[in-house]
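Residue strings, one per chain:
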Amino acid sequence: MLILPVTLCTAGAAAVINFWLGLRISRLRLAEKIFVGDGGDDRLVRRMRAQLNFTEYVPLILVLLALVELAAGTSIWLWGVGFALVLGRILHAFGMDGWGLGRRIGIALTMITMLGLAAYGIYIGSQYQQAAPTTVFKIGPRL
């Protein structure tokens, strides 16, 4: 059985964060009695954008994390990358509520995580040496 522990833990944490982001929206909707759209409420717009931003970046980063972990193996630095992503997304959510520093740090951690995994994935992929293909068919002139 193949298990990718860093990716699994990071994806689990991401699911909890996504639930929390949705819960924050739902609670605000109930408090403000806004059941469809944003009702022109700036705080609701910001919270909706925080969750949408989460769904724009996190799935791709989780795919990159899984592929790098599969290709290079589990390592302490990969745990750090997963932690940075989770921390960045939490800070970004608080930043969208008005804590500007949290938003900037969250964005930076997300982008560094994504670009770092992308670069390392490209590097790993470019180093792969595949053996010559084998076939059951004979190609060439008949003798």
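Refer to the structure presented above.
Reading the values: the criteria
Residues numbered from 1 in each chain as written. Predicted model: local features only at pLDDT ≥ 70, side-chain atom pairs only at ≥ 80, totals over all residues. Heavy atoms only, no water. Helix = DSSP H or I, 4+ residues; strand = E, 2+ residues; numbered from the N terminus. Contact = heavy atoms within 4.5 Å. Expected span 1.5 Å × (residues − 1). Bend = angle between axes of the 7 residues up to and from the residue. Polar contact = N/O pair within 3.5 Å; in protein donor to acceptor, adjacent residues only side chain to side chain. Phe/Tyr/Trp six-rings, centres within 6.5 Å; stacked < 30°, edge-to-face > 60°. Buried < 20%, exposed > 50% of the residue type's maximum accessible area, 1.4 Å probe, protein only.

## A closer look at the side chain of arginine 24
Right, on to step 1. Assignment of secondary structure puts arginine 24 in helix H1 (residues 5–32).
Right, on to step 2. Discounting residues that sit within four places of it in the chain, arginine 24 has contacts with Arg47, Ala93, Phe94 and Asp97.

## Observations regarding helix H2 (residues 42–72)
Right, on to step 1. Between the first and last C-alpha of H2 there are 44 Å, a value that for 31 residues agrees with the 45 Å anticipated at 1.5 Å per step.
Right, on to step 2. By the largest-angle criterion, valine 58 marks the main kink of H2, which is about 25°, and a proline, proline 59, follows within four residues.
Right, on to step 3. N-cap assignment for H2: the residue whose side-chain oxygen lies 2.9 Å from the backbone N of arginine 43 is aspartate 41.
Right, on to step 4. Of the residues one or two after H2, glycine 73 is the one with positive phi, at around 90°.

## Some words on the packing of aromatic side chains
Right, on to step 1. If you walk through the whole model with that rule in mind, you get three aromatic pairs.
Right, on to step 2. Between tryptophan 20 and phenylalanine 94 the ring centres are 5.4 Å apart and the planes differ by 55°, which places this aromatic pair in the tilted class. Taken together, the residues tryptophan 20 in helix H1 and phenylalanine 94 in helix H3 (residues 76–96) connect sequence positions 74 residues apart.
Right, on to step 3. When its relative accessible area of 39% is taken as the criterion, phenylalanine 94 is described as partly exposed.
Right, on to step 4. Centroid distance tryptophan 77 to tyrosine 120: 5.3 Å. Interplanar angle 85°. Geometry classified as edge-to-face. Of this pair, tryptophan 77 sits in helix H3 while tyrosine 120 sits in helix H4 (residues 100–127), placing them 43 residues apart in sequence.
Right, on to step 5. Classification of tyrosine 120 by relative accessible area gives partly exposed; the value is 30%.

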